[in-house]
Every structure is written in C-alpha cells, then in structure tokens.
Amino acid sequence: MATTSLPESAQAAPVTLHGSRAGDRLFKIVLTLAAIAIPLLMGFLVSELYTGAHLAISRYGVRFVAGSTWDPVAEEFGAFPLVIGTLLSSFIALLIAVPLSLGVAIYITEFSPKFIRQPIAFVIELLAAIPSVVYGLWGIFVLIPILRKAVFPFLRSVLGFLPLFQGPIYGPSMLSASIILAIMVMPFIMSVAREVLLAVPGSQREAALALGATRWEAVMSAILPYARSGIIGAIILGLGRALGETMAVTMLIGNRNEISASLFAPGYTMAAVIANEFSEAATDMHFSALAYVAFLLFLVTVLVNAAARLLIWRVSRGPTGGKGR
Amino acid sequence: MNRRVLRRWVSNFMVGLMVVAVIIAVLPLLFILLNLVIKGAGSLSLGFFTRVPVPAGETGGGVANAIVGTLLIVGAASLIGVPLGVAAGIYCAEYPGSRLATVTRFVADVMNGTPSIVVGVFAWTLIVARQKHFSGLAGSCALAMLMIPMVMRTTEELIKLVPNSLREAALALGYARWRTSLGIVLRTALPGIVTGSLLSVARVAGETAPLLLTALGSQYFSLNLNQPMAALPLTVFQYAIGPYEEWHRFAWAAALVLILVVLTLSVLARLATRRRFTFND
C-alpha cells in the first residue's frame, strides 16, 4: 500500500505547469482590492456629501426641505420649490413617457412583424445614447419654439379651464422641461419593459388565445398581469433617471425658484440648482446648502432605485402565481 | 356576433395606437439628428477642428481645445474606470457566493443609479476643494466613477456566460487559477467586455454635469490634466446658453461633433456583440 501514496512534494503543492500558487494568491488579492474599492468609494461619497452639507444640516435640519427662500446673498436657504420642481417635472415626464414606452414595448414584443423589431429597438437605444446636453440644445432651439408657437396655445385654448394651463406662455417652463425629460427616460423604460415582457412564457399568451381572447385581450388579461411588478420596476427605474437628470432640464426649465400652479411658468429642480450655482458659490454656507441638496437628491434616487430593483428582481425570479381567480 | 366584431375592433384599435406610439417614439431621434446636421454641418470646416475659440464678437475659431480635452479627460477616466470595473467584475463572477461579492454588486447598482451631478459634487469636495483649483483630472475621476458600475456588471454577466467546461478543461490541464481566469475565461468573454467598456465610454463622453463642477471648461489649448480643461459637452452647454447668434451656430457644430463621436462609439460597440460567440458549435 505504501507504494501507491503520492510523493510528499506533490501532496504539499500540486504541480502546476502554467502559473504558480503565488500567482493565485496575488490574483485573488488584486481582485479583492478592486471589489472592496467600490463599496469604499461609495461610503466615501456618502461621508463627503454629509461633511460638505454639515453646515447647512446643523443650521436648518429637516426644515431645509420646507423653506422656500433661496437667497445666496442673505445666506438664507430652503429647498421646498426645488424638491417640488424635481418631483413635478419627473412626474409629468412619466405621465407622457409611460404610455408611449409601454406601447412600443408591447408592440415590438407581441405584435410587430419580426423584421422591424431589431431596427426599432436599435433606434430607441440610440435615443438613450444621445448626451443630455444635446437634448438641451435641441430643446432650446427647436422644441421650445414649436411648443411656444403651436402646442402651448393649443393646450391653453382646450384645457385652459384648468389652472395648470393658464397664465402667460414662456418658452422655458416646467412643461417644456417635462417633455424633454419624457423623451429622455422613454428609452430606459422601454428597454426594461421589453426585457420583462420577453420573460413572460409563451404559454400564458397561448392559453389566453386558445380561450378565445383577441390578441389585445391576451395582452391585457394574460401578459400584463404576469409582468406587472417588472413593468412597475421599469417605470420606477425611469423615475430614478428623471429625478437626477441635470443638463437638459437646466437648459429648459427656466431656473426660477418659484412654485407656480401653471405648467407654462418656469421652475427649478434640485439638480439644476447645483449645476448652475456650484462653480460660482462664494460662501461656505452656499456650498453647504448645495451639498445638502445633492445629499437629498442622492437619498431619493437610492430609495427609488432600490424599490425598482426589488420589483424587477421579483419578476425575473419567476412566476409568482396567477393571483388565483 | 356583434360583440365579437366589437372586440376585434378594440384589438385592432389598440394595435393602431401602439403603432402611433412607435412613430412618436422614433420621431425625436430622426428630428434631432436632422437638426444637428442641418444646423451644425454648415459651420464645420478645417479651422473648426484645428483652432481654439475666439472672443465673443469675432467670427471663426474652433473647438480643438475641447476635442483634445474630451479625449484626455475620457481617456484618463477609462484608464481608471475600466481596469477597476473589470477586476471587480471578475471577482464577483469568480466568487459569486461570497459576502463581498453580494455587497459589491448591490453597491454597484446604487452607484449606477446615482445622478451624475451628485458624483460631480463628490469629485468637487474630494479633489477640487482640497486642491483649491478645478482640474481635468477631477473630471476624469468623476467620469471613472460613472463607468465603474457599467463595466463591472457587463464583465460579470459575460464571464458567467462562459461555459464551465472551458474552465475545467484548463484547470485539468494544469493551469493555475489565475491563468485560467485571465487566459481562458476572460479571453473568451473579451469581445463582450470590450463592447461594454466602449458603451460606457460613449455614455461618459457626453456627460456634462459632473464636468461643470470639476473640469470647468477653458478657452485655451491645454494638455495639462491638472488644470481646468475644455470639453466638448461643456462647449455645447456654454455656447448654447450664451446670447450670441454666432455662439449658437458654434454650439450646434460642437454638438454635431459630439454626437458623431458618441454614436460611432455606441454603434461600433453594438456591432461587436452582433456576432454573439457560440461555444457549442
């Protein structure tokens, strides 16, 4: 029996022809360092933002979100109109973008002839690749003139009984910014919704069709319910994008620190105020207030994205049952 | 019978609405590209690529400094971001169950959703505030941070697609783990990783918000990354919101150059993955 046991050297260190054990150890160390660097970097981001905002946080606390003066000269800061502007512009953008992107996603997964699926998806992905500042440029010089001359007067004459569509028409406004935002978030919602819809098993559709449903009824009764939480996830992901979008909004929203009932009036957002004022801020308090705004914006987008991930993950995990019935 | 006709009509009507949605969704791209070419192409000339901006009121001038600035800033960002992202991606794919991998993956998702302007504020407090001056390198760091999660996730996904049999074959032939990872697994996944990295470069090349707080922009030609630096997106922004007609023409031309760079990168990237690797053939 003794003759069959391996030589001692082989037991201690298996012979490797290419590369060595020390190499393995070094390799793992390098990879581990890289993997640790990411959480570290993010922790650093949170702590830096917090330290930067410390002055404003200790002076205003939570009241910061409720105050509505933003006066760098008097060093008086409150973010209420900014928060409202961010939420409102993102919300209107979603109102426009969601039906469109779901329509496109459903069409190219369920109805369209095969040969135009790739091209449409390709165009939409290119739309996602256009830089924000180019959207802004196009918005200022092409979109706003069209909106001001044709679309806004039309809206005012048809829906003018609502306070939302009253008042003087400016070019740069809450509604202009929301429309450009809608164009920008649409590709994101579309591509995630498409993936979710593609993950719905064909048997769902076939069962509905076999029971005599029209193709539209199959979508409504079998496919959408199955994909529901994933689609909500896609929408929330789009919301996350819209909340943090900076350049195009800065260029189109008019940058006025007011809350107005009319969507034709200019507004302001959290991201836009940072972009406009940060490099020109003169006092520590001003910097700190802007860092506070950045900190708040960060917290909101983290929450929104976490919610979206959770929902998408629930769908991709597999069927959760057809809710009885 | 009547009800059946009605149901079919509803179905057709909804499909019609969806076709309208597709048209509305595709229109902006055509419209934007068309406008860029019409308004931008006229101002493109050799001088546009070789000169630096002239003071307001004078005509002529170019964006040579911004083109070089963008190349330098984005190049430095890629040098930082791509290796870090790839290494972290390999870690998450090689040790998928480990706690560190779970944490890193989660944090990368958070990072991916972080608005670029917030990353800009971070780079400002971290680098600009400490150095007490704006710099192109601070911009590179901000852009690198935006690239890392994208590169990391694609690397991880693509490495997971490499069949285990390849890995096992290499190990059975006596390859060390690190050589298997780098020489066999990573190499098989390489085309996809190149695509992912190119896409992240394309996305980051058009980023403006973080550069406003870091690279700041400059009227002069500079190769020094430790100084304020011009970049194409900044040029587009500054000239677009300026008061002069001449500046607006300039902004359109700069935007056309920018979009050509970005779209070329992303189309190239996508063409590379078009030929999906098939292992079992």
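Residues numbered from 1 in each chain as written. Chains lettered and ligands numbered in written order. Predicted model: local features only at pLDDT ≥ 70, side-chain atom pairs only at ≥ 80, totals over all residues.

Remarks on the overall build of chain B
No. 1: If you tally the helices and strands in chain B, you get eleven helices and zero strands.
No. 2: Each helix and strand of chain B, ordered N terminal to C terminal, gives the series α-α-α-α-α-α-α-α-α-α-α.
No. 3: In terms of overall size, chain B is more extended than a compact globule, its C-alpha atoms giving a radius of gyration of 24 Å where 281 residues would be expected to give roughly 19 Å.
No. 4: By its C-alpha atoms, chain B is 70 × 70 × 35 Å across when sized along the principal axes.
No. 5: Looking at chain B residue by residue over its 281 residues, the buried ones come to 52%.
No. 6: Counted over contacts in chain B with a minimum sequence separation of 6, partners at least 24 positions apart contribute 73%. (Helix = DSSP H or I, 4+ residues; strand = E, 2+ residues; numbered from the N terminus. Rg over C-alpha atoms; globule rule 2.2 N^0.38 Å. Buried ≥ 20, exposed ≤ 12 C-beta atoms within 10 Å, placed from the backbone. Contact = placed C-beta atoms within 7 Å.)

Quick word on the nonpolar core
No. 1: Counting 205 residues, the largest nonpolar core has V293(A), V236(B) and A254(B) as its most contacted members.
No. 2: Once residues within four sequence positions are removed from consideration, V293(A) is found in contact with A79(A), L82(A), M270(A), V273(A) and I274(A). (Core = buried A, V, L, I, M, F, W, Y, C linked by C-beta atoms within 7 Å.)

Description of the interface of chain B and chain A
No. 1: With 75 residues of chain B at the contact, the number on the chain A side is 70 residues.
No. 2: The leading source of residues in the side of chain B that touches chain A is helix α1 (residues 2-40) of chain B, at 18 residues.
No. 3: Considered class by class, the residues forming the side of chain B that touches chain A number 56 nonpolar, 13 polar and six charged. (Nonpolar A, V, L, I, M, F, W, Y, C, P; charged D, E, K, R; others polar.)

Details of unusual backbone geometry
No. 1: For E75(A), which is not glycine, the phi torsion reads 55° and is therefore positive.
No. 2: Position of E75(A) among the secondary structure elements: in the loop between β1 (70-71) and β2 (76-77).
No. 3: Looking at E75(A), the number of C-beta atoms within 10 Å reads 12, which means it is exposed.
No. 4: Phi angles above zero are rare outside glycine, and K132(B) is one such case at about 65°.
No. 5: Secondary-structure assignment places K132(B) in the loop between α5 (116-131) and α6 (136-161).

A short note on the confidence of the model for chain A
No. 1: Across chain A, pLDDT averages 88, with 90% of residues at or above 70.
No. 2: Here residues 320-325 of chain A is modelled with pLDDT under 50, and outside its nearest four sequence neighbours on either side it reaches two contacts, counting other chains as well. (pLDDT = per-residue confidence, 0-100.)

Considerations on the environment of A93(A)
Residue and element names in this part refer to chain A.
No. 1: Positionally, A93 belongs in helix α3 (residues 80-111).
No. 2: On the basis of neighbour counts, which here come to 27 C-beta atoms within 10 Å, the residue A93 falls in the buried class.
No. 3: A93 sits 89 residues away from A182 along the chain, and the two C-alpha atoms are 4.3 Å apart.
No. 4: Not counting residues up to four positions away in its chain, the partners in contact with A93 are S178, L181, A182, V185 and A242.

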